[in-house]
Each structure stands twice: as C-alpha cells, then as structure tokens.
2 protein chains.
Amino acid sequence: MTGTEIPEDHPRYASLLTRHRIEAGVEKGITSRQGLIAQGRAEAFDYLLGERTLPSADAAARAAAATLLAADRPVFSVNGNVAALVPEETVELADAVGADLEVNLFNRTDARMEAIADHLREHGAGEVKGLTGDGEIPGLEHARGTVDADGIGAADVVVVPLEDGDRAEALAAAGKTEIVIDLNPGSRSPRTAAVPIVDNVLRAVPNVTAHARDLADATPAERRAIVDDFDPDAALEAAERAIREGAFSDGDDES
Amino acid sequence: MTGTEIPEDHPRYASLLTRHRIEAGVEKGITSRQGLIAQGRAEAFDYLLGERTLPSADAAARAAAATLLAADRPVFSVNGNVAALVPEETVELADAVGADLEVNLFNRTDARMEAIADHLREHGAGEVKGLTGDGEIPGLEHARGTVDADGIGAADVVVVPLEDGDRAEALAAAGKTEIVIDLNPGSRSPRTAAVPIVDNVLRAVPNVTAHARDLADATPAERRAIVDDFDPDAALEAAERAIREGAFSDGDDES
C-alpha cells in the first residue's frame, strides 16, 4: 500500500483507494479512457456482488494458485488497469508462483507499454516482458495479437485479469490455460477461462497469492486434486446467482 | 445524430455511437475522468437491463413529460456526460417543454462549464445558464451547491440526469420536483426523485420529448392524471426486478 494516506479503517477505504490509484494511473499515462470506462463497469458489478469475495471466487482463487504452482511457464499478463490498481500485489503474486510479468495492452502504444513497465518496476518487479513483441497469438489482428515469443507466446498458463473477450478466446484457442479475473460472470473472458475468478482484482490478486503461499508445500497430487475439484461453470453460475439474488436486497444506496 | 459515420443498422449501433460521443466529449474537454467511470457504471447496468426501455421506464418518461409541461419554471440540469451523450436531444426536450438549460457540474471548472455551454449551443441551444453561479442550493458545500439564481435556484421542476446522490437530496430538500434519469435503481438519486426514469439517457431523453409532443394538446386534468397515476416506488421496484430476473438469462456474452 504505497503512496496513499487513506486510513484503513475508513468506511469507504477500498473505494477511495481504488479511486486514488486510478487517478494516479491517469497521471502516469497508465490508465486509458477505455480503462476508466472498464473501471466503472467493474464498480457496478462489484456493487451488485456486495463488494465481497464469494465463496465460489475464493475456491477459484485457490484453484488458480494450484494451477500456477503446477505450471511450467506461467505468465501474468498486465494491462493498464491491473498495473494502476494492483501493481505491488501483481509483483507479489508473480514472485509467489514463479511467473513472468508481461505487459499486454488492448490499445498498445510504446509510451503506455513503457509507463506500465516502469510502474511495475517501481513496485518491485524485476524483468518485465512485453516490449519486444516478437510473438503473435493466432487469430487476432496484428496490434491485438502481439506478445513476447518467450513470454505469453511460450506460456502454458496465463493470468489475464480484465481481458477482452476476443483475446481471451484466441489465447484459449492457442492452447493456453487461462486464469481470468473479471467481475461480470456473463462476459466472454471468464466463460473462456479454465479458472474464472469473479472478483475485484484488489481482492482477488492478493487472495491468489495467499492461497499460493498456503499451497507452497502441498504435493503435486494435492494441488491436482484442488484443480480437478474446481468447476468453472459452477463458479460462474454461483456468481450470477449472487448478483441476481443479492442485487438491491439490502437497500444499499451507493450511487 | 451529428458528426458520426456509424451506420444505423450496425448491430452495435447504440454502443458504438455512445463510445464515439464519449470520445468526442473527452477531446472537447466536456467529459471528465469521473464521467468516464460513471459511463462504465451505466454500461454495466444497461447490459443487465438488456439495453432496452422497460415499460415502467416508458411510464416514467410519460409522467416526466406531463410534469414538465405542467411546470412553471422547469430547468434541465446538464452535466458533462449528458452534454457529450445527448446534446441535440437535450436541446430538443428543453424546446418541447419550454425548459431552461443550465450547466451544473459536480466538478465545476470554468473551462468545462464554457466547453459544455459551447457544445450545447453548437447543437442548437439558445441561452445556456449556469455560468453566473449567483445562487446556492442549501446544505451543500459551496462548489457543489452553486447554481444560477434565476435558473435551478428559481425552478419548480428540475431534470437531473446522472446526478450525484447528495445533490439530488439537497435539491429535493430545497423543494424542487426532480426528474432523475439513472440506470441504477438502487442509487440515491432516483430514490429521491418524484419521477425516476431508470433508462439510458440516449433512449430516455428523446422518449420524454416524444411523450411531451404527444401530450402537447392534453388538458391540465389529463396531464395531472398521468402524474397522479405514476408510482415512483413501483417503477424502481420494476427496474430492480428486471435486473434480478433478466441478468444473464439469455446467455448474452457482451464483455
């Protein structure tokens, strides 16, 4: 939690922290216009979920941790909103599971790529991939499909938080096991994922890290059992049900 | 529909038109960062509503039209997103019901006030109020409560689309009859309104205009009957039910 002066016991701590980090992201050239709109969509779905981690999302986070620990070449794909919202948490997760970090943007510009890589390094990252751009995900137009050949290009497991639907589908078609973090259980990205985590990145990323640390000493068989027991369709259905049943039920007046 | 080249039969016409207008709003200094995030929240709720005007929202639009036609001093309060998204439609509604236009911003700066007033004039507005700022809505800190004394300050009926909850409550406490357009039926602004329209401003504003034209020749008693028959709590409940029951029901995959 760097650079913020919001007291943690403030009733709207998470919301204010998010706002603060997004504003800082805009100032640094990390957060795009589309990123701000995406942030608003996320806020709406998080509001409907009650701004909490569902049990099904916690199970997904644990399955994600087990999947990452079992991976040969895991990569955490970082876009502008992820970098702005959870830079330190992203670096910690990558460290905990031995994943590479790769900047990958829907609207790729050199300036934003560099700003995001710098921001991750300021928050403790070592190597940050993505700037080479010598690989390609088949089935996407060039600007959308560019990746590092030895990063996402060679990965077996990819964490793609807040990913665009077309790209999530192309990554799955390219044989990647995807871990998607997205607050809308109806959107294509989580529906494409082997492990969809329907949760706010601010809660989900540290939660996957916590599970990874907890599973550090688990046997391969124990980790495999966690992955096998996880049902992505059931997790999506649980999130949809939580939104349907929880929405407006408590007279919450957040606007 | 000015300045856009999106064909009207495009399957995602409304969504692309919205995107186009919001981008133009950013370029012109009309749309703020908070406006972009608010746009994202609106997109999420519209997605859950099925991007359609509910019968209850159409009834609300008709009650709004009747309320505006019966008003002595109606004022349409215009913020950055309203100006960016529905400038021409806003001017048309104000003309149809004889309302004044007043720019009123949550984050008030002279540059944005002027840019929005200019944008409305480019879309056919005559006088645009709000820049005098010689009045005040009691109960709000100065920057938030500033209005024109002969505009919102003297209004009996105010259209406040996409309004902040604190300001909506202060306007109601000041005795204004409020018509609120907001896609989240759980937020405070529509809950404060005499006439809450839970609909996208792109659909709602022209719809109120259409009802106003339809009711132009109605008698005062006929208009009063429409207002009296409208139940704001029932309209909000219908919108909440539509979201709860409709969400994710059709396998929609919009991300």
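Under an unreviewed UniProt entry, the name given to chain A is 4-phosphopantoate--beta-alanine ligase, and the source organism is Halorubrum rubrum. The UniProt entry for chain A carries this comment under Sequence similarities (unreviewed entry): "Belongs to the archaeal phosphopantothenate synthetase family." Under the heading Pathway (unreviewed entry), UniProt records this for chain A: "Cofactor biosynthesis; coenzyme A biosynthesis."

(A) A look at the pattern of salt bridges. If you walk through the whole model with that rule in mind, you get 36 salt bridges over all chains. Between B:Arg167 and B:Glu163 there is a salt bridge, with its nearest N and O atoms 3.2 Å apart. B:Glu163 sits in the buried class, given a relative accessible area of 9%. Residues joined in a network through salt bridges with shared partners are A:Arg19, A:Glu43 and B:Arg41.

(B) Representation of unusual backbone geometry. In this structure, A:Glu51 is a non-glycine residue whose phi angle is positive, near 50°. On the secondary structure map, A:Glu51 appears in the loop between helix H2 (33–48) and helix H3 (55–70). Non-glycine residue B:Leu162 carries a positive phi angle of around 55°. Mapped onto the elements, B:Leu162 comes out in the loop between strand E6 (157–161) and helix H8 (165–173). When its relative accessible area of 30% is taken as the criterion, B:Leu162 is described as partly exposed.

(C) Local environment of the nonpolar core. Membership of the largest hydrophobic core comes to 108 residues, with the highest contact counts inside it found for A:Ile197 and B:Ile197. Judged by nonpolar contacts, the second largest core, of 32 residues, contains A:Leu183, A:Ala242, B:Phe45 and B:Val198.

(D) Structural detail: the interface of chain A and chain B. Contact with chain A, which involves 32 residues of that partner, is made by 32 residues of chain B. Where chain A touches chain B, the interface holds six salt bridges. Note that A:Arg33 and B:Glu23 form a salt bridge whose closest N and O atoms lie 2.7 Å from each other. Between chain A and chain B we count 14 residue pairs in polar contact (both at pLDDT 80 or more) in total. Secondary-structure elements contributing two or more residues to the side of chain A that touches chain B are helix H1 (13–27), H2 and helix H12 (232–246) of chain A. Examining the composition of the side of chain A that touches chain B, we find that twelve residues originate from one element, H2(A), more than from any other.

(E) Structural view of the sheet that holds E6(B). Residues and elements named next belong to chain B. Taken together, the six strands give an open sheet; going across it, the order is E3-E2-E1-E6-E7-E8, and neighbouring strands pair in parallel fashion. Of all strands in the sheet, those bounded by a partner on one side alone are strand E3 (128–129) and strand E8 (195–197). Note: strand E1 (residues 74–78) against strand E2 (residues 100–103), four bridges, orientation parallel. Paired with Ser 77 across the bridge in E2 is Glu 102. In the packing of helix H3 (residues 55–70) onto the sheet, the strands contacted are E1, E6, strand E7 (177–181) and E8, and the crossing angle to E8 comes to about 135°. In the packing of helix H10 (residues 201–214) onto the sheet, the strands contacted are E1, E6, E7 and E8, and the crossing angle to E7 comes to about 135°.

Cut-off values and rules
Residues numbered from 1 in each chain as written. Chains lettered and ligands numbered in written order. Predicted model: local features only at pLDDT ≥ 70, side-chain atom pairs only at ≥ 80, totals over all residues. Heavy atoms only, no water. UniProt positions renumbered as here; feature names shortened; annotations may be inferred. Salt bridge = Lys/Arg side-chain N within 4 Å of Asp/Glu carboxyl O. Buried < 20%, exposed > 50% of the residue type's maximum accessible area, 1.4 Å probe, protein only. Helix = DSSP H or I, 4+ residues; strand = E, 2+ residues; numbered from the N terminus. Core = buried A, V, L, I, M, F, W, Y, C linked by side-chain atoms within 4.5 Å. Contact = heavy atoms within 4.5 Å. Polar contact = N/O pair within 3.5 Å; in protein donor to acceptor, adjacent residues only side chain to side chain. Pairing = 2+ DSSP bridges. Axes fitted to C-alpha atoms, helices over the stretch in contact; angles between N-to-C directions.

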